[in-house]
Amino acid sequence: MNPALFIARLLVFALAVGHSMPLCIPVEYVIHVEKRECAYCLAINTTICEGFCMTWDSNGKKLLPRSALSQEVCTYKDMVYRTVLIPGCQRHAASYYSYPVAVSCKCGKCNTDYSDCVQEASRGGYCAILQKRRGP
């Protein structure tokens, strides 16, 4: 077989599979935690689920029941919670903060019990006071 033809076929196959297979994986993310009663804002390194999931949306969606439409999102398959101490908090303040860490991800229905099911990211990625960094 001609090597150039083989490489061309392999490239076409890879592009076709790459666009049809979901890519939903844990990625690094920084959560900023700030409380008025505490002297510091924490920048916590964690992982969240992010990526592309296949979706099927019919042109005749008004004719179909909602159960027939598939709107899947990249969501947690396995996760753990970690807890950190926010330094410099006043005695009466809750100085502990628990946050999720994505271990693995899947394409599935968005569960609002533990996921934020919005379409646009929030713009709250900053601290108004001095930062301290914490990692996983």
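Please read these numbers as outputs of a predicted model, since none were measured by experiment. (Residues numbered from 1 in each chain as written. Predicted model: local features only at pLDDT ≥ 70, side-chain atom pairs only at ≥ 80, totals over all residues. Heavy atoms only, no water.)

Visitor: Quick one: what's the story with the overall build of the protein, residue by residue and with numbers?
Guide: Each helix and strand counted, the protein has one helix and five strands in total. When the elements of the protein are put in sequence order from the N terminus, they spell out α-β-β-β-β-β. Look at the contacts in the protein between residues 6 or more apart in sequence, and 66% of them connect residues 24 or more apart. (Helix = DSSP H or I, 4+ residues; strand = E, 2+ residues; numbered from the N terminus. Contact = heavy atoms within 4.5 Å.)

Visitor: Talk me through the state of the cysteines; I want residue IDs and the actual numbers.
Guide: Counted according to the given criterion, the structure contains four disulfides. A sulfur-sulfur distance of 2.2 Å marks the disulfide that ties Cys-49 to Cys-105. Judged by the sign of its S-S torsion, about -90°, the bond between Cys-49 and Cys-105 is left-handed. Of the two residues, Cys-49 is situated in strand 2 (residues 41-52) and Cys-105 in strand 4 (residues 96-108); the sequence distance between them amounts to 56 residues. (Disulfide = S-S within 2.5 Å.)

Visitor: Can you explain the confidence of the model for the protein? Please cite residues and give values.
Guide: Looking at the protein as a whole, the pLDDT averages 76, with 62% of positions reaching at least 70. Looking over the protein, one finds the lowest element-wise mean pLDDT in strand 5 (residues 131-134), namely 54, and the highest in strand 4, namely 92. (pLDDT = per-residue confidence, 0-100.)

Visitor: If you had to explain the pairing of strand 2 to someone new, which residues and values would you point to?
Guide: Of the pairings in the sheet, the one linking strand 1 (residues 23-34) to strand 2 comprises twelve bridges and is antiparallel in character. Counterpart to Cys-24 in the pairing with strand 2 is Gly-51. Hairpin connection, strand 1 to strand 2: the antiparallel pair is bridged by six residues. (Pairing = 2+ DSSP bridges.)

Visitor: Let's hear about the nonpolar core: which residues, and what values?
Guide: Counting nine residues, the largest nonpolar core consists of Ile-31, Val-33, Cys-38, Leu-42, Ile-44, Val-84, Ile-86, Tyr-99 and Val-101. Core analysis: the second largest hydrophobic core is formed by seven residues, Cys-24, Cys-49, Cys-53 and Tyr-76 among them. (Core = buried A, V, L, I, M, F, W, Y, C linked by side-chain atoms within 4.5 Å. Buried < 20%, exposed > 50% of the residue type's maximum accessible area, 1.4 Å probe, protein only.)

Visitor: Which residues make up the environment of Glu-72, and what are the values?
Guide: Positionally, Glu-72 belongs in the loop between strand 2 and strand 3 (73-85). Considered as a pair, Glu-72 and Phe-52 are 20 residues apart in the sequence and their alpha carbons are 9.3 Å apart. Excluding residues that lie within four positions of it along the chain, Glu-72 makes contacts with Cys-53, Met-54, Thr-55, Cys-107 and Gly-108.

Visitor: Requested: an account of the environment of Thr-83, with residues and values cited.
Guide: Along the chain, Thr-83 turns up in strand 3. When its relative accessible area of 47% is taken as the criterion, Thr-83 is described as partly exposed. Sequence separation between Thr-83 and Tyr-96 is 13 residues; the distance between their C-alpha atoms is 6.5 Å. Those residues in contact with Thr-83 that sit more than four places away from it in its chain are Tyr-96, Tyr-97 and Ser-98. In this structure the side chain of Thr-83 is engaged in a polar contact, spanning 2.7 Å, whose partner is the side chain of Ser-98. (Polar contact = N/O pair within 3.5 Å; in protein donor to acceptor, adjacent residues only side chain to side chain.)

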